[in-house]
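Architecture and fold: a report
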Amino acid sequence: MAVSQVGFYGHVRQYFNIKEEIDANIESVLLSGKYVRGPMLAAFEEQAAEYFGSKYAIGVGNGTDAIWLTLMALGIGEGDEVITHPNTFFATAEAIWIVGATAVFVDCDPKTKCIDPNLIEAAVTDKTKAIIPVHLYGQCADMPAIAKVAERHGLAVIEDNAQGIDGAGDTFKQGEFSDAVCTSYIIQKNLGCFGDGGMVFTDREDLNETIRKLGNHGSAARDHHSPGFNSRLDDIQAGVLSAKMKHITAWTDQRIAIARLYDAGLAGCRHIDLPYAKPGYRHVYHLYVVETKNPAKRDALLSFLKENGIDAKTHYSIAIHRQEGFPWGKSYRIVGEVANAEKNAASCVSLPMFPELLPEEIQYVIDKVREWDAAQG
Ligand SMILES: *Cc1c(COP(=O)(O)O)cnc(C)c1O
């Protein structure tokens, strides 16, 4: 059958592929009668820590909570500064705002779109407490270089790994050069549950203890040691994730294979730049983002794809410091021009990217992008 529509997500296809495993886990939770802080969560936390190679894995309510709970557990708040970059999902900066700290933005690297480690040092003041690199689109940030700056200035490093699960650098693993790695398990991420969910991976016992308490009303077992919050990964979601985690490596490999097909099929296009994958790094292609060489043509490409039944999107068409209302009554700082981040916002188009894409769908996307590109002269 000729393809005329390509969606952006394959959630239901993925569910059908491993329905029995997921259903069995959900049913076992339902029959256990333990739905919050139960044995399925404990088992999944253990499985996740082992998979990730961290001492601790803490299930929390969502990826945003994972970041701000970590900031709070590090004692970061009012009067402190946290460095990140402005071409990321809103939540990275929101987490900084939630704890009352000031977001400080430096530009991204023009190729990887991750934070440019060379720009961090100039943004450090005596108020700086942490750096939050984002593994944007699934490309790991340059953690060894970031860690060097952090070490020189005594800063904490929190990896925003919402888009980068299963990724790695050529010489390092996630978590090796940071205090904590925060991920999101919302369905559109590479490893997603059927609702909201998040996790903090860390080797630090103090962070494990404090984040657990903060997310559970300040309580470790029964007594309340401090005021806290309610941010927990429930057992049904843990069961879904436990089943899915067994497939994450294969799914990532599939994403990479699709990226190579896009790369080959779109090679030679004159009006778009293809995503850069740092040699040797395991880019997990949470998103496959092309950029129109001329930012003024971005919306035209997006409309053309949509008119042809392809659900392309933009990640993210407005840099955080340009979002309406930001910084919500707080001060923030931009260090330098952030021109690469602005260019990215103006020219990005995300093509459909999920492991269950069919070969004919991939080809259809390639054909339509090429058709648009050829029409530009
Ligand atoms: C999705 C995402 C988050 C937030 O995760 P939620 O689970 O939606 O709260 C944070 N940072 C980045 C880069 C994300 O993509």
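Residues numbered from 1 in each chain as written. Predicted model: local features only at pLDDT ≥ 70, side-chain atom pairs only at ≥ 80, totals over all residues. Heavy atoms only, no water.

1. Digging into the layout of surface pockets
Approximately 540 Å³ is the volume found for the largest pocket. Along the wall of the largest pocket there are 36 residues; nearest its centre are Ser-184, Ile-186, Gln-188, Lys-189 and His-286. Elements supplying a minimum of two residues to the lining of the largest pocket: helix 1 (11–17), helix 4 (63–73) and helix 5 (90–98). If one sorts the elements of the lining of the largest pocket by residue count, helix 4 sits on top with 3 residues. Taken together, the residues that form the lining of the largest pocket break down as 14 nonpolar, 15 polar and 7 charged. (1 Å grid on protein atoms, 1.4 Å probe; cavity = no way out; pocket = protein on both sides within 12 Å on 5 of 7 lines; lining within 4 Å. Points joined across faces, edges and corners; volume = space filled by probe spheres on them. Helix = DSSP H or I, 4+ residues; strand = E, 2+ residues; numbered from the N terminus. Nonpolar A, V, L, I, M, F, W, Y, C, P; charged D, E, K, R; others polar.)

2. Overview of the pairing of strand 6 (residues 180–184)
Strand 6 sits mainly inside the fold: 5 of its 5 residues count as buried. Residues Ala-180, Cys-182 and Ser-184 point to one face of strand 6 and Val-181 and Thr-183 to the other, with burial holding for every one of them. Here strand 5 (residues 156–160) runs beside strand 6; their pairing, made up of 3 bridges, is parallel. Note that in strand 6 the partner of Ile-158 across the bridge is Ala-180. Note that strand 6 and strand 7 (residues 198–202) share 4 bridges and pair antiparallel. Paired with Val-181 across the bridge in strand 7 is Phe-201. (Buried < 20%, exposed > 50% of the residue type's maximum accessible area, 1.4 Å probe, protein only. Pairing = 2+ DSSP bridges.)

3. Concerning the domain arrangement of the chain
Per the domain assignment, the segments of the chain are domain 1 (11–245) and domain 2 (248–375). Averaged C-alpha coordinates put domain 1 and domain 2 at centres separated by 24 Å. Contact with domain 1, which involves 54 residues of that partner, is made by 44 residues of domain 2. Buried surface at the junction of domain 1 and domain 2, both sides included, amounts to about 4200 Å², of which 57% is carbon and sulfur. In this assembly, domain 1 and domain 2 are joined by 5 salt bridges. Among the salt bridges present, the one from Asp-166 reaches Arg-282, with a minimum N-O distance of 2.9 Å. (Domains from an automatic or database assignment. Contact = heavy atoms within 4.5 Å. Buried area = accessible area lost by both parts, 1.4 Å probe. Salt bridge = Lys/Arg side-chain N within 4 Å of Asp/Glu carboxyl O.)

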